[in-house]
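Structural characterization, general
Here is what each chain is made of, one letter per residue.
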Amino acid sequence: MAKKSYLGPTISPEVMANRKPEGRKTPRPVQTGPVQKSLDYTKILWVISLCIVVLTFLYVRYTQLSLPLDRDEGSLLYSGYSLLHGKIPYVDFYEIKPPGIFAVYALFHLLFGYGNEMLHIGLIVTQLGIALLFFKAAERMYHSRNAAYMAAVTFLLLCLNPYFLSFAVMSEYFFILFFLGAVLPLLKNPEEISDRDYVISGLCFGMTAMIRQHAIFFALPYLLFVLQSLDWNIKKLMKPGFRILAGAAAVVLPLILYVTVRGALDDMIYWIWERPNSSFIKQISFSEGRVHLKAFLNLLKNVYTEWMWVFFAGLALVAVRLPAMRYRYVALPVLLVLSVAAVFPGNRFYGHYWILTFPAVVMITAASVLWLEKITDNVIRNAALVVVPILMILHMYRNREAFFPVQQDGLYRFIYGDNPNYTLHKLTGYLKNRIKKGEEVFVFGSEPQVYYECRAIPSTRHSYIATVHVPGSTNVPYQQEVMDYLQSRKPEYIMHVQYAHSVYMTEESSRNLYNWIFSFEQNHYDVIALAEEGDDRQIRYLYENDAAAYKPSGSKYIILYRRRAG
């Protein structure tokens, strides 16, 4: 029996005999002086370029922190606030969106508070998070950090344009946040994707569907991403498909169950399906909405000229490389077409609706950098780190009136045009300083942000007067609900917003409420504040006795009433 060696395993004589003699190794020179480290200029360039982009983004968004709340923004914030205070969705308040949107805005409140500045800081954090997801998605799809960098910068640049209402906490940002969360796990190499990745992907896409009905336009591109993750082997779809459905069910079923338990399932079906089909989609003709569509096309032509060339370069590369990459990029052109189609229902074409196209636009634009990847010279390959910030700065300088306005109020009113948001903001602040806990406010208008900013939830579900004026079967009953509420509750304050876009009266609308509200206010309320916008767009603010003695002569004014004593 061989003896064990305490110096290591024993080597037999046969092995020693068969070993080949090792060549003499040249000893390493001993370092006697200080260690010299070569500079990594690529990393330095990365840091400088990234700092330029992020700091520019933060500076512009910092100047917009105190902008007044947008109508849609205020409505969703009010919905999230109401949910946190135990109100029943679709019964005590309503929106034509699935219930997930209320949960998202409620969580947003818990994370960032309630003040305008903190909410807009929360939006900045969200947008930076989305930019990071774009970076990771492009890096995984194109295997290129330069393309990833291009994706992140393109998104941040789009977020700086006020046309898209990028300063407002819009639901579209949460929509693309969760859509990217659904796609990102699927962009790994097929052999690296785990069962957990499919569950997370399904959960995120389920949340996407619970935020906006527009998820139906994103279902086919999402399916293509799923099939791509399986290397287009449909036979393997059953197991991942089951895990995706399980993930989606984990978020969809609890939300539906909550609404059902609160006794609002039928109301939810009406507001997220029947109501949009009966009124929202048919409300505006294409000829009416063409004004906003033309404004968007002019924006592309006059503002994004250089970026359009970059986008088309990326689109060309995606098209060229589709067969060679086994159709790895096929989901992108499909996503582009369907996300553009998602803007068309309702024919409104408002600026923030185009945010839905950002995932396709950003990822296709990022592909343009791959033309440089064909060149082996490392300096050229990293040219994006220099070219992109320069393009961004030139773009912002050329459109400096939009990105760096002298006065933010001018920017706000330029974007919204004939809209009472800006005029209303000052009166809302005045009301907020007067109102006491438990006092009720009613807004005769379509500005739910007044309720939100005053932390006042009214005893009526109709926070949008425009809704009760929409012609149809609900027109007269909803107006009667409002009149019954006012007569029975007589809220402490009434904010009467006399703007066409706020009242939204059409020739087919019943005028019962409109004809009645003026006499009701005169008989039971006193004027305590007033704002009137003239033809020159100058706003005149009056308070207390001055407001009570003034009679508006124009068609655009806001009156704040307080219930008369006795």
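Right, let's walk through the structure included here.

Cut-offs used in this document
- Residues numbered from 1 in each chain as written.
- Predicted model: local features only at pLDDT ≥ 70, side-chain atom pairs only at ≥ 80, totals over all residues.
- Heavy atoms only, no water.
- Salt bridge = Lys/Arg side-chain N within 4 Å of Asp/Glu carboxyl O.
- Pairing = 2+ DSSP bridges.
- Helix = DSSP H or I, 4+ residues; strand = E, 2+ residues; numbered from the N terminus.
- Axes fitted to C-alpha atoms, helices over the stretch in contact; angles between N-to-C directions.
- Contact = heavy atoms within 4.5 Å.
- 1 Å grid on protein atoms, 1.4 Å probe; cavity = no way out; pocket = protein on both sides within 12 Å on 5 of 7 lines; lining within 4 Å.
- Points joined across faces, edges and corners; volume = space filled by probe spheres on them.
- Nonpolar A, V, L, I, M, F, W, Y, C, P; charged D, E, K, R; others polar.
- Phe/Tyr/Trp six-rings, centres within 6.5 Å; stacked < 30°, edge-to-face > 60°.
- Buried < 20%, exposed > 50% of the residue type's maximum accessible area, 1.4 Å probe, protein only.
- Lys NZ or Arg CZ within 6 Å of the ring centre and 35° of its normal.
- Arc of directions from axis to C-beta.

Evaluated as defined, the whole model comprises 14 salt bridges. With its nearest N and O atoms 3.4 Å apart, the salt bridge here joins Lys97 to Glu95. Among the charged side chains, a network of salt bridges with common partners joins Lys136, Glu139 and Arg145.

As a further point, take the sheet that holds strand 5 (residues 557–563). The mixed open sheet is built from five strands, whose spatial order is 1-2-5-3-4. Strands with a single pairing partner mark the edges of an open sheet, and in this sheet they are strand 1 (441–444) and strand 4 (539–543). Direction aside, the axes of adjacent strands within the sheet are offset by 15° on average. As judged from the four bridges shared by strand 1 and strand 2 (residues 493–498), these two strands associate in the parallel manner. Residue pairing for strand 2: Phe442 is matched across the bridge by Ile494. Along the sheet, helix 21 (residues 421–434) makes contact with strand 1, strand 2, strand 3 (525–533), strand 4 and strand 5, crossing strand 4 at roughly 15°. Strands in contact with helix 24 (residues 475–489) are strand 1, strand 2 and strand 5; relative to strand 1, the strand with the most contacts, it is inclined by about 145°.

Attention now moves to the layout of surface pockets. In this structure, the second largest pocket spans a volume of roughly 390 Å³. Taken together, 19 residues line the second largest pocket, and the ones lying closest to its centre are Phe296, Leu300, Met308, Thr357 and Val361. Of all elements in the fold, only helix 6 (145–160), helix 12 (286–302), helix 13 (305–321), helix 14 (331–341) and helix 15 (358–366) reach the threshold of two or more residues within the lining of the second largest pocket. Split by residue class, the lining of the second largest pocket holds 16 nonpolar, three polar and no charged.

Here we take up the environment of Val369. Among the secondary structure elements, Val369 is positioned in the loop between helix 15 and helix 16 (370–373). Taking C-alpha positions, Val369 is 9.7 Å from Ala151, a pair spaced 218 residues apart along the chain.

Our next topic: the packing of aromatic side chains. Geometry of an aromatic ring pair is reported as the spacing of the ring centres plus the angle between the planes. If you walk through the whole model with that rule in mind, you get 31 aromatic pairs. Judged by centre distance (5.0 Å) and plane angle (50°), the ring pair of Phe108 and Phe112 falls under tilted. Here Phe112 and Phe108 lie together in helix 4 (residues 100–112), a separation of four residues that amounts to about one turn. By relative accessible area, Phe108 is classed as buried at 4%. By relative accessible area, Phe112 is classed as buried at 18%. The aromatic ring of Tyr541 is capped on one face by Lys426, whose charged end is 4.5 Å from the ring centroid. Directly above the ring of Tyr452 sits Arg455, whose terminal nitrogen or CZ lies 4.8 Å from the centroid.

This brings us to helix 14. For helix 14, the set of buried residues is Ala331, Leu332, Leu335, Leu336 and Ser339. Each buried residue of helix 14 sits inside an arc of 135° when the element is viewed along its axis, so together they form one side. Considering only its buried residues, helix 14 is in contact with helix 5 (116–142), helix 7 (171–183), helix 9 (215–229), helix 13 and helix 15.

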